[in-house]
Amino acid sequence: MRSRNGWRAGYQESGPSGSEGGSVKPDLATNRGARFLPYKARGYLTTLRKWQHSGKKKGKPGIPTASNHPTLYAGTYTLDLDELDLRKSFVRLKVYTGSTWAWVQYPTRYNRYFEQRRAEEGWEQESPKLVLGKRSAAIHFLQSKTIKARKIVESKRDPDLVTVAVDLNVKQLAVITVRQHGKITQTRFVSDRGLDQARFRHLGRIAKKQWQSGQAVKGERSNQQLWRHIRRQNTDAAHKTARAIVEVCERYPGCVLLFERLRTIKAAGGSKSRRRNRKQANQLKGKINQLAKEKAYAKGVVSVEVNPHGTSQYCSRCGAKGMRFSLMAGQRVTGKGGKLFYCPSCHYECHADFNASCNVHRSFFREFHWEIRAP
Ligand SMILES: [Zn+2]
């Protein structure tokens, strides 16, 4: 299997005089990938005509999106990244000006991470792709790497196998535990650093503004900047958490990464901003899960999804059913929202998320509650 990475260096459209009115088109004579592009446009026009003839109101065909972006093969572009001053680097593209093909220079806008990524060992360079957005254009540099990894069935037979389990939550974004020979050897908590609270406040502001402005205008987006801010914060938190998970995995070569199978939870109850905040938190979980899997696979770590049933309810030490509680002014208050876990059978007390994370290992090895029962 191959892991793929698309790293991009964006460039600003500066509208050089030489290419006015001309779209960026790769050279058809040398580019095999671009040949089907005219067919795409023709196909769209045909379906559009059919739709207009049918007289239906619904099902208007959308404009063809560029899911097949033109690949820039050698001869259609040059890129000089050897320049020390990054502000001076340009990308040269062969563009069609409407009558002739000409080389045009575009200023690039890429960062040091891109350079780091390109120089990373073990990754193979593929032909870059030109991706045209509504307002911007970017060149995506595809990299691929061949990964060798053991199958899970093989790994499970290894008595020295190290398992890294992750429990995803809201306040503690991830609780990572490492287990070998039946013992927890390392634990790491990744806190959300107040993200949940901040997001709740932002969503509250959005709800208030929407209430003030009354009926929403159809086809118009409101509070775009706030939403963008929330999205960016979420993405950032997801990447950082995934990074933390992979950092732990990297310390144990040949380990297996365990996740709970994510449930689809519908946010219900509470105020509008509270519901929205829960929805965002659930989406964040999915994002962390996905990113961590991808990042871990690039390092040769395979991930497994385990049965999540009862991971937060049963005791990770003896397997009995426990309860949640929290401490309020030194008093134990048992309740659903408690942060701590208590086992009435063996009197074990710990952080509830830590207990859940330990249970993920139990679920993988089919111990206690997750034991395979004889039919
Ligand atoms: Zn117990």
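The coordinates are above.
Residues numbered from 1 in each chain as written. Predicted model: local features only at pLDDT ≥ 70, side-chain atom pairs only at ≥ 80, totals over all residues. Heavy atoms only, no water.

Caption draft 1: Looking closely at the overall build of the protein chain. Summing up its helical and strand segments, the protein chain has seven helices and 16 strands in all. Burial analysis of the protein chain (375 residues in total) assigns 37% to the buried set. Put simply, of all contacts in the protein chain between residues at least 6 apart along the chain, 62% involve residues at least 24 apart. Counting every atom, the protein chain has about 23,700 Å² of accessible surface; 50% of that belongs to carbon and sulfur. (Helix = DSSP H or I, 4+ residues; strand = E, 2+ residues; numbered from the N terminus. Buried < 20%, exposed > 50% of the residue type's maximum accessible area, 1.4 Å probe, protein only. Contact = heavy atoms within 4.5 Å. Areas by Shrake-Rupley, 256 points an atom, 1.4 Å probe, with all protein chains shown as cover.)

Caption draft 2: How the structure looks around the coordination of the zinc ion. Donor atoms from the polypeptide that coordinate the zinc ion comprise Cys315 (SG), Cys318 (SG), Cys343 (SG) and Cys346 (SG), at 2.2 to 2.3 Å from the metal. Coordination at the zinc ion comes from four donor atoms whose angles at the metal span 107 to 114 degrees, giving a geometry best classed as tetrahedral. For the zinc ion, the single-chain donor residues occur in sequence as C-x2-C-x24-C-x2-C. Classification of Cys346 by relative accessible area gives partly exposed; the value is 25%. (Donors = N, O, S within 2.8 Å, 3.2 Å for Na, K, Ca; no water. Tetrahedral: all angles 85-135°; square planar, octahedral: opposite > 155°, others 65-115°.)

Caption draft 3: Examining the pattern of salt bridges more closely. With the rule as written, the count across this model stands at twelve salt bridges. Arg199 is paired through a salt bridge with Asp196; the nearest N and O atoms lie 3.0 Å apart. Remark: Asp196 and Arg199 occur in helix H4 (residues 195-213); sequence separation between them is three residues, near one turn of the helix. Exposure remark for Arg199: the relative accessible area of 2% places this residue in the buried category. Salt bridges here are not isolated pairs; linked through shared partners, they connect Arg188, Arg243, Glu247, Glu250 and Lys299. (Salt bridge = Lys/Arg side-chain N within 4 Å of Asp/Glu carboxyl O.)

Caption draft 4: Layout of the sheet that holds strand E14 (residues 331-334). Strand order across the open sheet formed by four strands is E14-E13-E15-E16, with antiparallel pairing between neighbours. Each having just a single partner strand, E14 and strand E16 (349-351) make up the two edges of the open sheet. Geometrically, the sheet is characterised by an average inter-axis angle of 40 degrees between neighbouring strands, direction not taken into account. With respect to the sheet, helix H7 (residues 352-364) is in contact with strand E13 (323-328), strand E15 (340-342) and E16, its orientation differing from that of E16 by roughly 90 degrees. (Pairing = 2+ DSSP bridges. Axes fitted to C-alpha atoms, helices over the stretch in contact; angles between N-to-C directions.)

Caption draft 5: Spotlight on the nonpolar core. Within the largest apolar cluster, 27 residues are counted, with the highest numbers of intra-cluster contacts made by Val164, Val166, Ile176, Ile245 and Leu257. For this core, the secondary structure elements donating two or more residues are strand E8 (163-168), strand E9 (172-180), helix H5 (224-250), strand E11 (256-260) and helix H6 (272-298). Broken down by element, this core gets its largest block of residues, eight residues, from H5. (Core = buried A, V, L, I, M, F, W, Y, C linked by side-chain atoms within 4.5 Å.)

Caption draft 6: Quick peek at the state of the cysteines. If you walk through the whole model with that rule in mind, you get zero disulfides. Summary of cysteine pairing: Cys255 is not part of a disulfide, and the nearest cysteine sulfur, belonging to Cys249, is at 4.3 Å. We classify Cys255 as buried; its relative accessible area is 4%. (Disulfide = S-S within 2.5 Å.)

Caption draft 7: Local environment of the sheet that holds E9. Pairing within the open sheet is mixed, and its five strands lie in the order E10-E9-E8-E11-E12. Bordering the open sheet on either side are strand E10 (183-191) and strand E12 (302-306), each of which pairs with just one other strand. Sheet twist, expressed as the average angle between the axes of neighbouring strands with direction ignored, equals 20 degrees. In this structure, E8 lies alongside E9, joined through six bridges in antiparallel fashion.

Caption draft 8: A look at a positive patch on the surface. A cluster of like positive charges, contributed by Lys134, Arg135, Arg221, Arg228, Arg231 and Arg232, occupies part of the molecular surface. Along the chain, Arg221 falls in the loop between H4 and H5. On the basis of relative accessibility, which here comes to 59%, the residue Arg221 falls in the exposed class. (Patch = residues over 30% accessible without salt bridge, like charges linked within 9 Å, V, L, I, M, F, W, Y side chains within 5 Å. Lys, Arg positive; Asp, Glu negative; His and termini not counted. Charge placed at Lys NZ, Arg CZ, Asp CG, Glu CD.)

Caption draft 9: Fine view of the packing of H4 against H6. It is at 9 Å that the axes of H4 and H6 come closest, and there the two elements cross at 135 degrees. Relative to H6, the element H4 lies oblique. The crossing of H4 and H6 is right-handed. Contact residues: Leu195, Asp196, Arg199, Phe200, Leu203, Gly204, Ile206, Ala207 and Gln210 in H4; Lys272, Ser273, Arg274, Arg276, Asn277, Gln280, Ala281 and Leu284 in H6. (Parallel < 35°, antiparallel > 145°, perpendicular 65-115°, else oblique. Left-handed = near helix turned anticlockwise from the far one by under 90°.)

Caption draft 10: Molecular detail of unusual backbone geometry. Even without being a glycine, Asn223 presents a positive backbone phi close to 50 degrees. Positionally, Asn223 belongs in the loop between H4 and H5. The backbone of Ala329 sits at a positive phi, close to 50 degrees, despite the residue not being glycine.

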